[in-house]
Structures are given as C-alpha cells and as structure tokens.
Amino acid sequence: MAVLFLLFLLTVSVVSADEDGFVGVNIGTALSDMPSPTQVVALLKAQNIRHVRLYDADRALLLALANTGIRVTVSVPNDQILGIGQSNATAANWVARNVIAHVPATNITAIAVGSEILTTLPNAAPVLVSALKFIHSALVASNLDGQIKVSTPQSSSIILDSFPPSQAFFNRSWDPVMVPLLKFLRSTGSYFMLNAYPYYDYMQSNGVIPLDYALFRPLPPDKEAVDANTLLHYTNVFDAIVDAAYFAMSYLNFTNVPIFVTESGWPSKGDSSEPDATLENANTYNSNLIRHVLNNTGTPKHPKIAVSTYIYELYNEDLRPGAISEKNWGLFDDDGIPVYTLHLTGAGTVLANDTTNQTFCVAKEGADPKMLQAALDWACGPGKVDCSYLLQGQPCYEPDNVVAHSTYAFNAYFQMMAKSPGTCDFKGVATITTTDPSHGSCIFPGSAGRNGTLPNTTSLAPSSNSATSGCHSVYIYGAGSFTTSVILAADNLFVPCSSICNDFAADSSRPSFGQICG
C-alpha cells in the first residue's frame, strides 16, 4: 500500500535542513468505477496535490498529467521484476515505453521498482538490485539519471527489534540484498523508500502502544516513549518507525541515505476486529501527519530535516481483497466526494481546499435537465432556499441555465443544512465538490469570496412571519433558451398559489411542478 512521500535527510551534506518537506498521495486503481484520468487530474489540481505515486505507469494517466507540473513517481509492478532483473534489454524497453515516451511533458521524478518485494515476492529478491541497476542504466543512457531517482519501497516489517529505535536492525537474512541495495542508493544519490504504518504497529501491540501515540495526539511528558540508549523522546509511532530505519541502516554502516516514506495512512472503516478503523481516527491521523510533515519538524534523531510523505491513498478501493479496512484507506470516494473532512487549517497549501471549510454541493455532470429542474423547484420552494440571487440583474443570474441555477440552489440548501449527510443528493442529480463554484460577482454560500465576505446566509430560510399561503420561489425554464420567472413569498410580492399552479397546469410543455403545487 502506498501513500505519503517522506524525505528524511540523515546528514546536512545530503540535503540541507532548510529544504521543505512535501505531502503527496498514492493513486490505486482497484475501483469498480475508476474515475477517468482527466477526472483524477482535476481532483489533484483542485486539492493542490503536487506529488503523486502510481503503482504502475498507466499511459492514459501519464498523458493526463502532462503539462501539469505534478511530480510523478511511476512503478514497475511486482510481476515484472523477474523479467527486468534478468535482462538489461527488457529494462531498457520498459524505461523507453513508460518514461522516455512521457518526459519532459510529464514530470516523472522517480521510479519505484516493485513494492515490498522482500516480504511479498521473496523469489524475486535475488534479482531486485539488478533490476534497479538495469533501470538506472537506461536512464543514464538517456541522460535522465540526474532528474529521475530509482529505488524500491520496503515494508517496515523487515526492521527487527524496532523499539527503542537505536537498537533496530534489518532482518539479517536479507543482508545479501540490503547491503548491495544500500550501496546502489548511496552511489546514485537516491533514497530509501519506506512504507510506514503506525496503524498496524498499534493493532499488533496488544494494547502496549496507546492509540494517542499512534495518532500523533499530544502526550504528557511522563507518557512519551524514551529511547534509553539515546535519551531521545518519541511522541508518535511514525517518527519511531522512521528513526528505526535510520538506525538499521547505520548498523550496516550506511549513514548518508535519506528516507522517503512512500506509504502511510489510516483506514476509515473496518470490521468488528478493527474497532479503531474509524472516520474520526483516519481524519486525526492523516490531518496530524500532514501538519507534521509540512511543519518540517523531522524526527528526534534528525530534527528540522524535512520529512516528505505519500498518503495512502487518494481513493477508497472497493475491489481490494481482504478485510473491510483494506478497501477504506482513501481520502476520497470514486466520485471525488471526501470520505471525511480533513482538519488542515494552517497546514500549508497541500489539500488547500480544506474540506472542513471548503465543501460545496453542485449539479452532477450529465444530470437530466428535467430532474435538475424539479430539484431546483424543490430547493427554491419547500427547501426554503432564498433564490433571489438568481433573479435577472442579480449576481448569480448568469449563466442563465438550469445547471448553473440549480448548482447555486443545491449549494445554498447544503450550506443551510450545515452540510449534513444526505443534504447534497437531490435524487441523484447533485454531488459534493471541494472546488469553489463561485464565479465573477456570484459568491456561493460557504465561500469566503474574493473579499473574504460571505453572502447573507441568514436569508436562506424564510422568516417565521412569511405568508404561509404564499408560494416559494418557482423557476420556469422554457424548451428553448432558458428563461427565468420568479415568484417570491415575500409580503410585497405575494401571488396566490392557485393562480400560478393553474398557469403551470395549462402549459403541458413545462416539467411537473407537483412538489410546488401539490
């Protein structure tokens, strides 16, 4: 599994301490309704995600990422390691097809050769380093080795006796692979890719590891874990895992290979045996992790050294086998709706559309106009949304069509209902987005607007003394170009419902207004 790209620098000579860390995401594709490449890239742009890791080198997605500036790590799938590790020509063909064909338009910056090979595909371990060398040689031949790093993600489970971190070491049975691997990484200026999952450490500790310690929650000083050998204090499991990897490398006399965390996250749902796989805990872990990375706090062993990380992962993957939790590591569902609202205020620009404050309800792309019309009528009628902003001459009148007007009304209702679950559906024609739909002088409820002010959301609900026998706002769209007619239930604009409904009934070309007149 993969998620956050962690850059840990062991010595200032490798990377200076003032280099900022970054947060990226892993993009898995085990979804029954996988978004199109253009939809994926649109979500990345909307969330200001500038670093991604792919589990393969999907051509369509790489093409969609072209000219975006997004930094991309592509991967050699595990089932191709044996072939590439035994043939320089096969490796060169892979690089030509999946890398050279896309750069420089697509900003490929790293190649992950396999994933957790030592623990998931041990029969390929003997050729793993050869695969890395052959891939690197192909990059050298194309003069791309300075731009694209080559490494291979490893599970933290290959680190034994990991706490206290200072006594950690790699499983010695893997020395014939680890030593030449670390030599390769050092000689090419690459980094050690590590998958770090505090969730699993917590689950497997049988209560020894406190939940707060795994979730980055503050601990009183007397509850912090202390490495008796170094007297370093550890306030969270993530830092302890990373430092354990640094100490394990130093045990093999490698002290200048930086660490990138290629996967980390927390599941938002689990079965009865995983009671701590919850929305709240996933939110807490990922929010705190993002803040931790972007604050460049480093680890106790290497404070102030940037820590870059890939979150596992962008989407929930309903087709992944295994426990329920395996399907629920994503930040978003396949329709781009956030699984939970990250608490990122003050955490920088990654996932800048903080879903706590920047969530909107809009008309779903391709929705039936007649269904949009009926939903718009309901929102501006029984839904009690103030649709006066949509009147001709008002800020949100243009564009004058049912999609734009229903988007405004849907969002106004959604915000009025405090974004409660189920209030952005409208019989399937609405969807949640983190992209602010405001445009020009039309500032949507829930948006800070260009001048930091909000529309008068207090007017979304009619006053208690409104004429109960009056009609709510009714929007009529003709069959040709859309036109708007509004009847307001205000004291000075009262029109009897019966006369309006009779007019509607006489015009069979208009959609049903049963929700308004019934």
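Residues numbered from 1 in each chain as written. Predicted model: local features only at pLDDT ≥ 70, side-chain atom pairs only at ≥ 80, totals over all residues. Heavy atoms only, no water.

Caption draft 1: Examining the confidence of the model for the protein more closely. Averaged over all residues, the pLDDT of the protein is 81; the fraction at 70 or higher stands at 79%. Contacts of residues 1-18 to residues separated by more than four positions or lying in other chains number 103 contacts, the stretch itself having pLDDT below 50. (pLDDT = per-residue confidence, 0-100. Contact = heavy atoms within 4.5 Å.)

Caption draft 2: Quick peek at the pattern of salt bridges. Using the criterion set out here, one finds five salt bridges in the structure. In this structure, the salt-bridge partner of E280 is R217, at a minimum N-O distance of 3.9 Å. Placement of the pair is E280 in helix 11 (residues 279-294) and R217 in the loop between helix 9 (211-214) and strand 10 (225-226), with a sequence separation of 63 residues. A relative accessible area of 23% means that R217 is categorised as partly exposed. Between E326 and R320 there is a salt bridge; the shortest N-O distance is 3.4 Å. Through salt bridges that share partners, D212, R217 and E280 make up one connected network. (Salt bridge = Lys/Arg side-chain N within 4 Å of Asp/Glu carboxyl O. Helix = DSSP H or I, 4+ residues; strand = E, 2+ residues; numbered from the N terminus. Buried < 20%, exposed > 50% of the residue type's maximum accessible area, 1.4 Å probe, protein only.)

Caption draft 3: Representation of the packing of helix 4 (residues 88-100) against helix 6 (residues 128-141) in the model. Taken N-terminus to C-terminus, the directions of helix 4 and helix 6 make an angle of 55 degrees; their axes are 8 Å apart at the nearest point. Between helix 4 and helix 6, the interaxial angle falls into the category oblique. You can see that helix 4 and helix 6 cross each other, and the crossing is right-handed. Facing helix 4, whose interface residues are N88, A91, A92, W94, V95 and V99, helix 6 presents F134, I135, A138 and L139. Broken down by class, the residue content of the contact of helix 4 with helix 6 amounts to nine nonpolar, one polar and no charged. (Axes fitted to C-alpha atoms, helices over the stretch in contact; angles between N-to-C directions. Parallel < 35°, antiparallel > 145°, perpendicular 65-115°, else oblique. Left-handed = near helix turned anticlockwise from the far one by under 90°. Nonpolar A, V, L, I, M, F, W, Y, C, P; charged D, E, K, R; others polar.)

Caption draft 4: Molecular detail of the state of the cysteines. As enumerated under the stated definition, the model contains three disulfides in all. Paired by a disulfide, C380 and C387 hold their sulfur atoms 2.0 Å apart. Across the disulfide from C380 to C387, rotation about the S-S bond amounts to roughly -85 degrees, and the bridge is consequently left-handed. Residue class for C380 comes out buried when judged on its relative accessible area of 1%. (Disulfide = S-S within 2.5 Å.)

Caption draft 5: Region of the structure containing a negative patch on the surface. Taken together, the side chains of D33, D318, D334 and D335 define an acidic patch exposed on the protein surface. With respect to the helices and strands, the residue D335 is situated in the loop between strand 13 (309-311) and strand 14 (360-363). Judged by its relative accessible area of 43%, D335 is partly exposed. (Patch = residues over 30% accessible without salt bridge, like charges linked within 9 Å, V, L, I, M, F, W, Y side chains within 5 Å. Areas by Shrake-Rupley, 256 points an atom, 1.4 Å probe, with all protein chains shown as cover. Lys, Arg positive; Asp, Glu negative; His and termini not counted. Charge placed at Lys NZ, Arg CZ, Asp CG, Glu CD.)

Caption draft 6: View of the environment of C442. Relative to the helices and strands, C442 is located in the loop between strand 15 (430-433) and helix 14 (497-506). In sequence terms C442 and E398 are 44 residues apart; their C-alpha atoms lie 8.7 Å from each other. Dropping the residues within four chain positions of it, C442 is found in contact with P395, C396 and Y408.

Caption draft 7: Structural detail: the packing of helix 6 against helix 7 (residues 175-188). In contact at an axis separation of 9 Å, helix 6 and helix 7 are set at 20 degrees when each is read in the N-to-C sense. Considering their axes alone, helix 6 and helix 7 lie roughly parallel with respect to each other. When you trace helix 6 past helix 7, the crossing you get is left-handed. The residues of helix 7 that touch helix 6, namely those facing L128, V129, L132, K133 and H136, are V177, P180, L181, F184 and T188. Residues of the contact of helix 6 with helix 7, tallied by class, amount to seven nonpolar, two polar and one charged.

Caption draft 8: Main features of helix 6. Along its 14 residues, helix 6 runs 20 Å from first to last C-alpha, staying within 8% of the 20 Å computed at 1.5 Å per residue. Looking at helix 6, one finds that the buried residues are L128, V129, A131, L132, I135, H136, A138 and L139. (Expected span 1.5 Å × (residues − 1).)

Caption draft 9: The arrangement of unusual backbone geometry in detail. Put simply, V103 and P104 share a cis peptide bond, and its omega is 5 degrees. Looking along the chain, the bond that leaves E398 and enters P399 is cis, with omega of -5 degrees. On the secondary structure map, P399 appears in the loop between helix 12 (369-380) and helix 13 (402-416). Phi is positive for F216, which is not a glycine, with a value near 70 degrees. Following the sequence through the fold, F216 ends up in the loop between helix 9 and strand 10.

Caption draft 10: Looking closely at the sheet that holds strand 13. Pairing is parallel across the open sheet formed by nine strands, whose spatial order is 5-4-3-2-1-13-12-9-6. In this open sheet, the two edge strands, each paired with only one partner strand, are strand 5 (149-151) and strand 6 (154-155). In terms of strand pairing, strand 2 (residues 51-54) meets strand 3 (residues 71-76) through three bridges, oriented parallel. When the sheet's bridge partners are listed, V52 is paired in strand 3 with V72. Across the face of the sheet, helix 7 comes into contact with strand 5, strand 6 and strand 9 (192-195) while running at roughly 170 degrees to strand 5. Sheet strands in contact with helix 11 are strand 1 (23-27), strand 12 (259-264) and strand 13, and its direction is about 160 degrees off that of strand 13. (Pairing = 2+ DSSP bridges.)

Caption draft 11: Focus on the side chain of N195. Note that N195 resides in strand 9. Its relative accessible area of 1% is what places N195 among the buried residues. There is a polar contact of 3.1 Å between the side chain of N195 and the side chain of E263. (Polar contact = N/O pair within 3.5 Å; in protein donor to acceptor, adjacent residues only side chain to side chain.)

Caption draft 12: Seen up close, the pairing of strand 2. Of the two faces of strand 2, both are covered, the one formed by H51 and R53 as well as the one formed by V52 and L54. One ladder, built from three bridges, connects strand 1 with strand 2; its direction is parallel. Residue pairing for strand 2: V25 is matched across the bridge by V52. For the handedness criterion, the β-α-β arrangement of strand 1, helix 1 (residues 37-46) and strand 2 is classed as right-handed. (Right-handed = clockwise from strand over helix to strand, strands pointing away.)

Caption draft 13: Fine view of the packing of aromatic side chains. In the structure shown here, the tally under the stated rule is 24 aromatic pairs. A ring pair is formed by W266 and Y285, whose centres lie 5.6 Å apart and whose planes are at 35 degrees; its orientation type is tilted. One end of the pair, W266, is in the loop between strand 12 and helix 11; the other, Y285, is in helix 11, with 19 residues separating them in the sequence. For the residue pair W266 and Y285, the accessibility class agrees, reading buried in each case. Between the aromatic rings of Y389 and Y408, the centroid separation amounts to 5.7 Å while the plane-to-plane angle is 50 degrees, which identifies the pairing as tilted. Remark: Y408 occurs in helix 13 and Y389 occurs in the loop between helix 12 and helix 13; sequence separation between them is 19 residues. In this structure, Y389 and Y408 share a single accessibility class: buried. Aromatic rings pair up to connect Y197, Y199, Y200, Y202, F216, F238, W266, Y285, Y312 and W329 into one cluster. One residue, K301, lies across the ring of F247, its end atom 4.2 Å from the ring centre. (Phe/Tyr/Trp six-rings, centres within 6.5 Å; stacked < 30°, edge-to-face > 60°. Lys NZ or Arg CZ within 6 Å of the ring centre and 35° of its normal.)

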